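# Coordinate inspection notes
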Amino acid sequence: MTFSTPESRLIVALDVADRAAAERLVRATEGVVGVYKVGLEFAIAGGLSFAKELVDAGHDVFLDMKLLDIANTVAGGVRSAGLIGAKFLTVHAYPQAIRAAVSARPAGLNIVAVTVLTSLDDADLVETGYAMTAAALVEKRIGQAAALGADCIVCAPTEATVAKRTGLTVITPGIRMPDDAAGDQKRVATPQDAIRAGADAIVVGRPINAASDPRAAAERYCAAIAEGLAGRDGL
Ligand code: C5P
């Protein structure tokens, strides 16, 4: 996967309630954002047909559906994402789900394995029933996703260095500038640190989609990506 410019490495989450808000956000940020991500909130509110229109208009689209279901259903979801023309589709990094997604993957669609949500810390994993730290579980899932043929990995910026060793494309959410609110994210880092740690692309939601000037916010993130690129060697 080629990321030729800082802008091409910026994935903006269209976490909005309706089409009008999504249209405003796309219009405001066109040219300074590489990929638009449609997740649960907007998908359930008509975002999937909007995603198709974005593709038809020449944009790269990331469908953040975080698929996790029986193999047959995951495979069907992957085929449908292919019909939309999405470039990226997320699947929770459970081996059975990744296997199903990879086996149904159409040309041009990258299967993105989500390791452990960046809103989860060790205590949350204990509550969920895992007897592992977030770092250990992420490392295990990174290895499995790579072995099973996923194309990209989503992990926290703090785990990007380990993910990068697999040779897969590394995408990190949980990105914040020092003066941004963390919100519910628990494993956060700046764009500069994420890129220096090996992230190929970053996902940014609220700091851009809830900004009073989303274009200015996106430009600030692109500048930070460029700074991170200037400070990393050999990645
Ligand atoms: O607003 P914020 O920048 O926290 O948004 C991050 C986006 O990345 C959200 O759309 C969220 O669903 C997504 N995401 C995440 N952590 C993951 C995978 C996806 O925050 N592990």
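Quick note: structure is the one above.
First things first, this report covers the structure right here in the doc. Quick caveat, the model's predicted, so the values are computed rather than measured.

### Overview of the packing of helix α1 (residues 19-29) against helix α10 (residues 214-230)
Where α1 contacts α10, the axes come no closer than 8 Å and their chain directions differ by 55 degrees. Viewed along their axes, α1 and α10 adopt a mutual orientation that is oblique. Viewed along their axes, α1 and α10 form a crossing whose handedness is right-handed. Touching Leu25, Ala28 and Thr29 of α1 are Pro214, Arg215 and Ala218, all from α10. The residue inventory of the contact of α1 with α10, partitioned by class, reads 4 nonpolar, 1 polar and 1 charged.

### Notes on the sheet that holds strand β1 (residues 10-13)
Judged by pairing direction, the barrel is parallel, and its 8 strands sit side by side in the order β1-β2-β3-β4-β5-β6-β7-β8 before closing back on the first. Taken pair by pair, the neighbouring strands of this sheet meet at an average axis angle of 25 degrees, ignoring direction. Where strand β6 (residues 152-154) lies against strand β7 (residues 169-172), 3 bridges are found, and the strand directions are parallel. Paired with Val154 across the bridge in β7 is Ile171. The strands touched by helix α4 (residues 95-104) are β3 (60-67), β4 (88-92) and β5 (110-114); relative to β4, the strand with the most contacts, the crossing angle is about 150 degrees.

### A look at the pairing of β7
Both faces of β7 are covered, namely the face carrying Thr169 and Ile171 and the face carrying Val170 and Thr172. Looking at chain direction, β7 and strand β8 (residues 201-204) are connected through 2 bridges and run parallel. Counterpart to Thr172 in the pairing with β8 is Ile202. Read from β7 through helix α8 (residues 191-197) to β8, the crossover connection turns out right-handed.

### Some thoughts on the nonpolar core
The nonpolar side chains of soluble globular proteins are, as a tendency, buried together. Formed by 55 residues in total, the largest nonpolar core has its most connected members in Leu10, Leu14, Leu63, Val78 and Ile202. Non-local contacts of Ile202, meaning those with residues more than four positions away in its chain, are made with Arg9, Leu10, Ile11, Thr172, Ile175, Pro191, Ala194, Ile195, Tyr221 and Ile225.

### Description of the site of the ligand
Every one of the 18 residues lining the ligand counts as a neighbour, but Asp15, Lys37, Thr118, Arg176 and Arg206 are closest to it. Here an oxygen atom of the ligand and a backbone polar atom of Gly205 are 2.8 Å apart. In the model, an oxygen atom of the ligand is placed 2.7 Å from a nitrogen or oxygen of the Arg206 main chain. Relative to its free-state accessible area of 470 Å², the ligand is covered by the protein chains to the extent of 88%. Elements with a contribution of two residues or more to the shell around the ligand: β3, β8 and α9 (206-209).

### Comments concerning the pattern of salt bridges
Scanning all chains against the criterion turns up 14 salt bridges. Between Arg187 and Glu159 there is a salt bridge; the shortest N-O distance is 3.0 Å. One end of the pair, Arg187, is in the loop between β7 and α8; the other, Glu159, is in the loop between β6 and α7 (160-164), and 28 residues separate them in sequence. Of the residues examined, Arg187 reaches a relative accessible area of 11% and is grouped as buried. The salt bridge partner of Arg215 is Glu219, with a shortest N-O separation of 3.6 Å. One end of the pair is Arg215 and the other is Glu219, both in helix α10 and 4 residues apart, which spans about a single turn.

### Description of the pairing of β3
Burial analysis of β3 places 6 of its 8 residues in the buried class, the great majority of the element. One ladder, built from 4 bridges, connects strand β2 (residues 35-38) with β3; its direction is parallel. Following the sheet pairing, Tyr36 is matched in β3 by Val61. Relative to β4, β3 runs parallel, the two sharing 3 bridges. Bridge pairing in β4 places Leu67 opposite Val91. Each parallel crossover has a hand, and for β3 linked through helix α3 (residues 71-84) to β4 it is right-handed.

### With respect to helix α2 (residues 40-56)
Over its 17 residues, α2 extends only 21 Å from the first C-alpha to the last, a length that falls short of the 24 Å expected when each residue adds 1.5 Å. Buried within α2 we find Phe42, Ala43, Gly47, Phe50, Ala51 and Leu54. Count one or two residues on from α2 and you reach Gly58, which has phi positive near 100 degrees.

Thresholds applied
Residues numbered from 1 in each chain as written. Predicted model: local features only at pLDDT ≥ 70, side-chain atom pairs only at ≥ 80, totals over all residues. Heavy atoms only, no water. Axes fitted to C-alpha atoms, helices over the stretch in contact; angles between N-to-C directions. Helix = DSSP H or I, 4+ residues; strand = E, 2+ residues; numbered from the N terminus. Parallel < 35°, antiparallel > 145°, perpendicular 65-115°, else oblique. Left-handed = near helix turned anticlockwise from the far one by under 90°. Contact = heavy atoms within 4.5 Å. Nonpolar A, V, L, I, M, F, W, Y, C, P; charged D, E, K, R; others polar. Pairing = 2+ DSSP bridges. Buried < 20%, exposed > 50% of the residue type's maximum accessible area, 1.4 Å probe, protein only. Right-handed = clockwise from strand over helix to strand, strands pointing away. Core = buried A, V, L, I, M, F, W, Y, C linked by side-chain atoms within 4.5 Å. Near = heavy atom within 4 Å. Polar contact = N/O pair within 3.5 Å; in protein donor to acceptor, adjacent residues only side chain to side chain. Areas by Shrake-Rupley, 256 points an atom, 1.4 Å probe, with all protein chains shown as cover. Salt bridge = Lys/Arg side-chain N within 4 Å of Asp/Glu carboxyl O. Expected span 1.5 Å × (residues − 1).

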